[in-house]
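Chain by chain, the residues run as shown.
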Amino acid sequence: MKSTSSIDLSGRVAFITGSTRGIGWAVARILAENGAAIILNGRSSPERLHSRIGEICSRFDVPVEGILADVSDPRAISRAYRSIHSQFGRLDILVNNAGVLEDAVLGMIGEAGLRRLFETNTAGVIHSLQAASRLMKRNGGGSIVNISSIVGVEGNRGQVAYSATKAAILGISKSAAKELAGDNIRVNAVAPGFIDTDMVRNLSDTIRKENIARIGMGRIGSPEDVARAVLFLVSDLSTYVTGQILGVDGGMVI
Ligand code: NAP
């Protein structure tokens, strides 16, 4: 039997949504470091996307492309997958990471914010799963990781809407895992805790300290902490793991 002590993703093509910053960018780097061809994605800044492509090219000897697309727009997702098909002819790894955060206590949740959250964090994941699984079936399988959140598991004050979009990802991941297991496509979710990215940088010092006080390991997580868990789930170290939720939260949940 082949040794599985090392990870080798060479020959595999990985699409990471929302990979110009934060967790997605860390995932892109670690997958490139382990040999995967990388397709980066961002929504708002062509300059940042191009500079990230340049960084991967200069550090790793893997093919890299970038797709500027808003995952909340189903037509943009279709175009993105057509481009992946025409440029790479296959897809082996999808990390559904793009997400937005809008905090609001129950009485302050507005229609527009609610729509933005669900269209990006939930519908975007479903649309991407549909297109990715079609491509993966053609090449005999693949691995999909959906980025949920600890608040999708536990809930949080001021995050009724956001946590609903992240809880939905758990149902999506388990249901898709059941539908796709026979096609050798694994689907898992990662539920990060409190991770040091732009998404949480505007929090007040008080909230930041309160959050850190709830973490057993006593420190905020890094994007790389999450990326290493994603690497495990997309690699051959987890060939029999599907439909699971992996918390990466330094002990916030226990
Ligand atoms: P971040 O630092 O705000 O980065 C978000 C990334 O997603 C950026 O590359 C952004 O691209 C992209 N993006 C946002 N909306 C998009 C859209 N509609 N279409 C395409 N790309 C889009 O966020 P992060 O903290 O790394 O979060 C990544 C994921 O982890 C999210 O799903 C988030 O909910 C989840 N998460 C984060 C934490 C945390 O504590 N940070 C905890 C639990 C879960 P642009 O730069 O172009 O906008």
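First things first, this report covers the structure right here in the doc.

What counts and what doesn't
- Residues numbered from 1 in each chain as written.
- Predicted model: local features only at pLDDT ≥ 70, side-chain atom pairs only at ≥ 80, totals over all residues.
- Heavy atoms only, no water.
- Helix = DSSP H or I, 4+ residues; strand = E, 2+ residues; numbered from the N terminus.
- Contact = heavy atoms within 4.5 Å.
- Near = heavy atom within 4 Å.
- Polar contact = N/O pair within 3.5 Å; in protein donor to acceptor, adjacent residues only side chain to side chain.
- Areas by Shrake-Rupley, 256 points an atom, 1.4 Å probe, with all protein chains shown as cover.
- 1 Å grid on protein atoms, 1.4 Å probe; cavity = no way out; pocket = protein on both sides within 12 Å on 5 of 7 lines; lining within 4 Å.
- Sits in = over half its atoms within 2 Å of the grid points.
- Nonpolar A, V, L, I, M, F, W, Y, C, P; charged D, E, K, R; others polar.
- Pairing = 2+ DSSP bridges.
- Axes fitted to C-alpha atoms, helices over the stretch in contact; angles between N-to-C directions.
- Buried < 20%, exposed > 50% of the residue type's maximum accessible area, 1.4 Å probe, protein only.
- Points joined across faces, edges and corners; volume = space filled by probe spheres on them.

The next subject is the side chain of threonine 197. Structurally, threonine 197 can be placed in the loop between strand S6 (185-192) and helix H7 (205-213). Ignoring anything within four residues of it in the chain, the contact list for threonine 197 reads Gly22, Ile23 and Pro223.

Another point: the site of the ligand. As a structural note, the neighbourhood of the ligand is formed by 33 residues, with Thr20, Ser44, Asn97, Tyr162 and Thr197 the closest of them. Here an oxygen atom of the ligand and a backbone polar atom of isoleucine 23 are 2.8 Å apart. One nitrogen or oxygen atom from the main chain of serine 44 is found 2.7 Å from an oxygen atom belonging to the ligand. In the complex, 97% of the free accessible area of the ligand, which totals 910 Å², lies under the protein chains. Among the detected pockets, the ligand sits in the largest pocket. By residue class, the composition of the shell around the ligand is 12 nonpolar, 15 polar and 6 charged.

All right, on to the sheet that holds strand S1 (residues 13-16) then. One open sheet holds the 7 strands; their spatial order is S3-S2-S1-S4-S5-S6-S7, and the pairing between them is parallel. In this open sheet, the two edge strands, each paired with only one partner strand, are strand S3 (64-68) and strand S7 (245-248). Going across the sheet, the axis of each strand differs from the next one's by a mean of 20°, ignoring polarity. Relative to strand S5 (residues 142-147), strand S4 (residues 93-96) runs parallel, the two sharing 4 bridges. Directly across from leucine 94, in S5, lies its bridge partner isoleucine 144. Across the face of the sheet, helix H6 (residues 160-180) comes into contact with S5, S6 and S7 while running at roughly 160° to S6.

This next bit is on the pairing of S6. Regular strands show a simple pattern: their side chains alternate between the two faces of the sheet. Here S6 lies mainly inside the structure; 8 of its 8 residues are buried. What you see with S6 is no split at all: Ile185, Val187, Ala189 and Ala191 on one side and Arg186, Asn188, Val190 and Pro192 on the other are buried throughout. The pairing of S5 with S6 spans 6 bridges and is parallel. Looking at S6, one finds that asparagine 146 is bridged to alanine 189. In this sheet, S7 lies alongside S6 in parallel orientation, the contact comprising 4 bridges.

Counted as a void, the largest pocket has a volume near 1200 Å³. Lining the largest pocket are 50 residues, with Leu101, Tyr162, Thr197, Met199 and Val200 sitting closest to its centre. Each residue belonging to the lining of the largest pocket can be placed in one class, and the counts come to 18 nonpolar, 21 polar and 11 charged. Volume-wise, the second largest pocket comes out at about 260 Å³. Together, 16 residues line the second largest pocket, and Arg12, Gly141, Gly142, Asn184 and Asp236 are the ones closest to its centre. Split into classes, the residues belonging to the lining of the second largest pocket amount to 2 nonpolar, 9 polar and 5 charged.

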